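What the coordinates show
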Amino acid sequence: MADQKKIEDMTFKEASVELEQIVRALEAGDLELEDSLERYARGVELLKSLRERLDVVAGSHCLSNPGAFLEERAAQINLTEER
């Protein structure tokens with residue numbers, strides 16, 4: 001686990017795939033204790049990052065008011081096409 005990509009540099013997909021791999025490895029139970037603890041800590045940080053990213057999206061109006069979001073996007077598309 002020495003050459004890990006920084007979590008803040010990962011895409012959401014990359015972070016979620018790595019978290020899934022960690023969960024599978026921990027569930028398998030074949031890791032040494034130290035490696036299990038390192039992977040668990042990495043998994044916690046990945047999960048924290050993923051939740052923060054989802055919180056940002058959930059806080060935006062695109063999820064809290066999808067109708068307004070779609071109207072705004074339609075207006076943006078129309079403005080772009082007129083230029």
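Residues numbered from 1 in each chain as written. Predicted model: local features only at pLDDT ≥ 70, side-chain atom pairs only at ≥ 80, totals over all residues. Heavy atoms only, no water.

1. Some thoughts on the pattern of salt bridges
Counted according to the given criterion, the structure contains four salt bridges. The salt bridge partner of E14 is K5, with a shortest N-O separation of 3.1 Å. Its relative accessible area of 32% is what places E14 among the partly exposed residues. Residue classification places K5 among the partly exposed positions, given a relative accessible area of 40%. (Salt bridge = Lys/Arg side-chain N within 4 Å of Asp/Glu carboxyl O. Buried < 20%, exposed > 50% of the residue type's maximum accessible area, 1.4 Å probe, protein only.)

2. Re the environment of S36
Its location among the elements puts S36 in helix 2 (residues 33-59). Along the backbone, S36 and L26 are ten residues apart, and their C-alpha atoms lie at a distance of 6.5 Å. If sequence neighbours within four positions are ignored, S36 has contacts with L26 and L31. (Helix = DSSP H or I, 4+ residues; strand = E, 2+ residues; numbered from the N terminus. Contact = heavy atoms within 4.5 Å.)

3. What about the nonpolar core?
Listed in full, the seven residues of the largest apolar core are I7, M10, A15, L19, I22, L46 and L50. For this core, the elements supplying multiple residues, two or more each, are helix 1 (12-28) and helix 2. Looking at this core, the element that brings in the most residues is helix 1, giving three residues. Setting aside chain neighbours within four positions, we find I22 in contact with R39, R42, G43 and L46. (Core = buried A, V, L, I, M, F, W, Y, C linked by side-chain atoms within 4.5 Å.)

4. Brief notes about the environment of F12
Here F12 lies in helix 1. On the basis of relative accessibility, which here comes to 36%, the residue F12 falls in the partly exposed class. Spatially, the C-alpha atoms of F12 and S49 are 8.7 Å apart, while their sequence positions differ by 37 residues. Setting aside residues up to four positions removed in sequence, F12 forms contacts with L50, R53 and L54.

5. Brief notes about the confidence of the model for the protein chain
Of the residues in the protein chain, 71% have a pLDDT of 70 or more, and the chain-wide mean is 83. Per-element averaging of pLDDT across the protein chain places helix 3 (residues 61-64) at the bottom with 58 and helix 1 at the top with 95. (pLDDT = per-residue confidence, 0-100.)

6. Re a nonpolar patch on the surface
There is a patch of nonpolar side chains on the surface, built from L26, Y40 and V44 and spanning about 270 Å² of accessible area. Given a relative accessible area of 54%, Y40 falls into the exposed group. (Patch = residues over 30% accessible without salt bridge, like charges linked within 9 Å, V, L, I, M, F, W, Y side chains within 5 Å. Areas by Shrake-Rupley, 256 points an atom, 1.4 Å probe, with all protein chains shown as cover.)

7. A short note on helix 1
Counted at 1.5 Å a residue, the expected span for helix 1 with its 17 residues is 24 Å, and the 24 Å between its end C-alpha atoms agrees. Looking only at helix 1, the buried set comprises A15, E18, L19, I22 and A25. Angular distribution of buried residues about the axis of helix 1 spans 125°; they occupy a single face of the element. Opposite its buried face, helix 1 presents the exposed residues K13, Q21, R24 and E27, each directed more than 90 degrees away. One or two positions beyond helix 1, positive phi appears at G29, with a value near 75°. (Expected span 1.5 Å × (residues − 1). Arc of directions from axis to C-beta.)

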